[in-house]
Structure formats: structure tokens, C-alpha cells
Amino acid sequence: MSYLDPKTVNRQWILNRRPQGAVVRTDFDYVEGTVPSVADGDVLVRSLYFGYDASQRIWLTEDGGYMKPIMPGEPMRCMGIGQVVESRNPDYQPGDLVEGFMSWQDYAIVRADGPMPLRHLPKADFPLSWNLGVFGVGGLTAFFGVTDGLKVKEGDTVVVSAATGATGGLACQIARLLGAKKVIGIAGGADKCRWVVENVGCDACVDYKDPTWTAKIAELAPDGVDAYFDNVGGDMLDEMFLLMAPQGRILICGAMSQGYTGVKVQGPTNYMRICTHQLTVQGILLFFYAAKIPQAAQQIGQWVMEGKLRVTENRHAGFEKAPDLLPTMFTGKDPGKLVLHVADPA
Ligand SMILES: NC(=O)c1ccc[n+]([C@@H]2O[C@H](COP(=O)([O-])OP(=O)(O)OC[C@H]3O[C@@H](n4cnc5c(N)ncnc54)[C@H](OP(=O)(O)O)[C@@H]3O)[C@@H](O)[C@H]2O)c1
């Protein structure tokens with residue numbers, strides 16, 4: 001059953017055209033629609049929080065990357081937190097708090113199946129929005145990337161790019177928790193580098209806008225880098241091949257430098273280092289870890305409760321801001337997980 005008034009307005013941000021190059025606010029139109037009706041198996045969810053992920057830009061391309069492309073006329077897809085208002089699926093009841101693929105609208109029919117099924121959120125002492133950050137895509141990818149992808153171990157020298165980001169900031173801290181000897185962050189500008197050292201447990205942070213950044217990493221890691229968590233790709237990844245220790249490991253998590261405007265990206269030219277230094281280069285996509293998410297969330301929760309993982313949110317409020325925030329993912333936003341508060345639970 002639903003508590004909705006049939007005249008309830010459903011605010012939506014609809015894609016009006018495919019972005020050319022960088023995504024801009026005017027790629028979206030504000031419209032007021034109706035609340036969708038619920039068929040067998042459906043779950044109708046009211047949006048509470050929208051999360052921001054760089055991959056949303058890939059979903060806006062004609063190809064869509066690893067997911068179905070968003071079509072002009074459709075509301076913008078995002079990871080979100082919501083509350084079930086009506087359900088014809090026995091696994092979800094009105095009032096349940098859930099996280100999963102949602103969209104920029106007040107009310108949406110949300111798929112309960114798929115590669116990242118709609119997840120029930122447990123009652124917890126931490127803020128609900130953390131389910132998009134430390135317990136969401138960024139935190140979980142950092143966890144699986146550092147523990148399973150890079151297999152960071154005691155004594156390793158680890159480098160993490162985009163270290164102020166939702167994923168990078170947690171990857172730095174998890175590498176430290178696993179006993180890395182040295183953790184070096186990479187970020188853009190002196191203030192951000194200071195933030196990384198003070199907030200995510202890095203021994204040092206190197207400013208990639210400084211033309212001597214590679215020499216600085218070479219100085220900080222005289223025996224080479226054992227594990228590199230790559231969120232940036234492009235020239236940075238190319239240079240990092242030259243800084244790796246023999247038998248080092250590289251995790252390809254993202255390619256922020258490429259803007260995600262298409263499927264073709266700049267590949268590395270120094271890749272023969274994979275051969276000469278017997279490097280391991282591995283990718284990560286959180287979908288492949290879906291079955292292991294509950295276990296990972298438990299470990300992350302324990303670290304958070306013990307004060308071993310510091311959580312940073314870059315939090316905004318107001319449905320009207322949804323399209324303004326997306327471009328900031330690529331233009332040097334403030335540290336932490338970017339989230340938009342849309343409504344409170346009933
Ligand atoms: N494979 C997966 O399953 C998976 C899951 C989650 C995230 N990811 C990827 O992980 C990466 C980080 O995601 P996130 O959610 O942590 O994003 P985020 O919080 O927005 O952080 C991204 C950071 O990237 C940096 N950046 C942006 N453009 C850059 C450039 N041209 N060169 C160098 N750094 C740049 C910015 O830091 P500065 O201000 O320091 O420049 C920004 O803070 C993304 O590439 C994302 O696609 C992958």
C-alpha cells in the first residue's frame with residue numbers, strides 16, 4: 001500500500017541532449033511529472049539522497065560504457081538512497097530504506113534485480129548518506145581494490161591517485177590498515193595535498209600539477225612503488241609505469257583525466273614495463289564483487305566504529321541542484337563523497 005496522494009507531483013531532471021565534451025547543466029531539463037504506477041514485481045521508491053559518480057558521464061554517451069546508455073527524455077540515472085512507498089515485490093515493504101540505482105526524480109520504479117540489486121539498509125548509528133560513500137560504491141571499491149585487487153601487504157609502498165576523492169581517500173586509509181610501509185597520495189594543488197596528509201593517513205602527497213611530481217615520487221619511493229591504485233589514467237598512469245618496483249601491481253579503477261566523454265581513452269606508451277618489470281595490471285568493477293558486499297560492509301563498519309577509517313562527505317542539499325553538481329566531479333570539487341540531500345525519510 002502507498003501513502004501517496006494521487007495528485008503528488010514527481011519532480012524530474014530529464015536528459016534533453018547528449019553532452020558534447022564536458023557535461024553541463026543545460027544538458028538537463030526540469031519537468032514535473034506524475035508518480036509511476038506499480039506493476040507486479042515493482043518497487044516504488046521516494047528519493048532521499050543522490051550520489052555522484054564519474055561513471056554517470058559514461059552512461060550519457062551513446063555507447064553507455066558498461067551499462068545501458070541514458071536516452072534523451074529519460075531522467076538522469078544515479079546511485080541513490082530512497083524509501084519504499086509502495087511495493088509489489090515480497091522482498092521490499094513500504095518504509096524500507098534502500099540503496100541502489102535510482103534517478104533524478106522524487107519517485108521512481110527501482111529495479112530490485114540486476115548486477116547491483118537494490119540493497120536493504122540496516123538501522124545504524126551513522127548517517128544514512130554514508131551508504132553512498134564509505135559503505136557505497138567508493139568505499140566498497142576501495143576495499144576490494146586494496147585487499148583483493150592490489151593485495152596490499154605489510155611493507156608495501158603504495159601510491160593512490162585522486163586521493164581526495166571518495167574512492168582514493170578510503171583506498172589510502174585501507175592500505176595503511178593492511179600494513180603498508182608508506183602510502184603516497186596524488187592530488188591537485190598544495191591545499192588538497194595538505195588535506196590528504198592530514199585526513200587520510202598518507203605519509204606524503206604529491207601535487208600532479210607540479211611538473212616535478214614524478215621526481216618527487218621517485219624520491220619518496222627509492223625502491224619503486226609496489227602497488228598503484230589508479231583513478232586517473234592518461235599521462236599519470238603512463239608515468240607511473242616508470243616508477244613501479246619489479247613485480248609491482250597496478251589496479252585500474254578509473255580514468256578521471258579522460259573526462260569519460262567516450263569509450264576511447266588515451267592508452268599508456270610505457271606499457272613495456274609490464275614485460276621488463278613483470279608488473280601485474282588488473283582492473284576492478286564493483287559489479288563483480290556484488291556477492292561479497294555484505295562481508296566487506298561489515299569490515300568497513302568495524303573500522304569506522306573503531307575510529308580507524310575517517311569519513312569525508314561533500315554534502316549539498318536541494319533537488320534543484322542535481323545537475324549543477326555533476327560537472328564538479330571533473331573540475332576539482334572539494335574532498336570526499338559528493339552527495340545531494342533531497343528529502344528525509346517519512
Ligand atoms: N571501477 C569501479 O568499480 C569504480 C567504482 C568507483 C569509482 N571508480 C572510479 O574511481 C575514480 C574516482 O572516483 P570517486 O568517486 O572517488 O571520485 P571523486 O570523489 O570525484 O574524486 C575524483 C577526483 O579525481 C581528481 N581528478 C579529476 N580530474 C582529474 C585529472 N584530470 N587529473 C587528475 N586527477 C583528477 C579530483 O581530484 P583533484 O582535485 O585532486 O584533481 C577529484 O577529487 C573515478 O575514475 C571513478 O570512475 C571506479
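Residues numbered from 1 in each chain as written. Predicted model: local features only at pLDDT ≥ 70, side-chain atom pairs only at ≥ 80, totals over all residues. Heavy atoms only, no water.

Engineer: Outline the overall build of the protein chain, listing residues and values.
Structural biologist: A count of helical and extended segments in the protein chain gives nine helices and 15 strands. For the protein chain, the spread of C-alpha atoms along the principal axes amounts to about 65 × 45 × 35 Å. Here the protein chain, with 346 residues, has 54% of them falling under the buried criterion. Put simply, of all contacts in the protein chain between residues at least 6 apart along the chain, 67% involve residues at least 24 apart. Accessible area of the protein chain: about 15,500 Å², with a carbon and sulfur share of 53%. In the protein chain, the 32 positive side-chain charges and the 38 negative ones have mean positions that sit 1 Å from each other. (Helix = DSSP H or I, 4+ residues; strand = E, 2+ residues; numbered from the N terminus. Buried < 20%, exposed > 50% of the residue type's maximum accessible area, 1.4 Å probe, protein only. Contact = heavy atoms within 4.5 Å. Areas by Shrake-Rupley, 256 points an atom, 1.4 Å probe, with all protein chains shown as cover. Lys, Arg positive; Asp, Glu negative; His and termini not counted. Charge placed at Lys NZ, Arg CZ, Asp CG, Glu CD.)

Engineer: Would you mind going over the site of the ligand in detail, with residue names and values included?
Structural biologist: Near the ligand lie 27 residues; those nearest to it are Thr167, Gly188, Lys192, Tyr208 and Tyr260. In the environment of the ligand, an oxygen atom lies 3.3 Å from a nitrogen or oxygen atom belonging to the side chain of threonine 164. Threonine 167 has a polar backbone atom sitting 2.7 Å from an oxygen atom of the ligand. Burial of the ligand by the protein amounts to 91% of the accessible area it has alone, namely 910 Å². Formed jointly, the shell around the ligand draws a minimum of three residues from each of two domains, domain 1 (10-133 + 311-341) and domain 2 (137-287). (Near = heavy atom within 4 Å. Polar contact = N/O pair within 3.5 Å; in protein donor to acceptor, adjacent residues only side chain to side chain. Domains from an automatic or database assignment.)

Engineer: I'd love a proper account of the packing of helix 2 (residues 137-149) against helix 8 (residues 293-305), names of residues and values included.
Structural biologist: Here helix 2 crosses helix 8 at 95°, and the two axes come no closer than 10 Å. Taken together, helix 2 and helix 8 sit at an angle that is classed as roughly perpendicular. Side by side, helix 2 and helix 8 meet where Gly139, Leu140, Phe143 and Phe144 of the first sit next to Ile293, Ala296, Ala297, Gln299, Ile300 and Trp303 of the second. Of the residues in the contact of helix 2 with helix 8, the class split is eight nonpolar, two polar and no charged. (Axes fitted to C-alpha atoms, helices over the stretch in contact; angles between N-to-C directions. Parallel < 35°, antiparallel > 145°, perpendicular 65-115°, else oblique. Nonpolar A, V, L, I, M, F, W, Y, C, P; charged D, E, K, R; others polar.)

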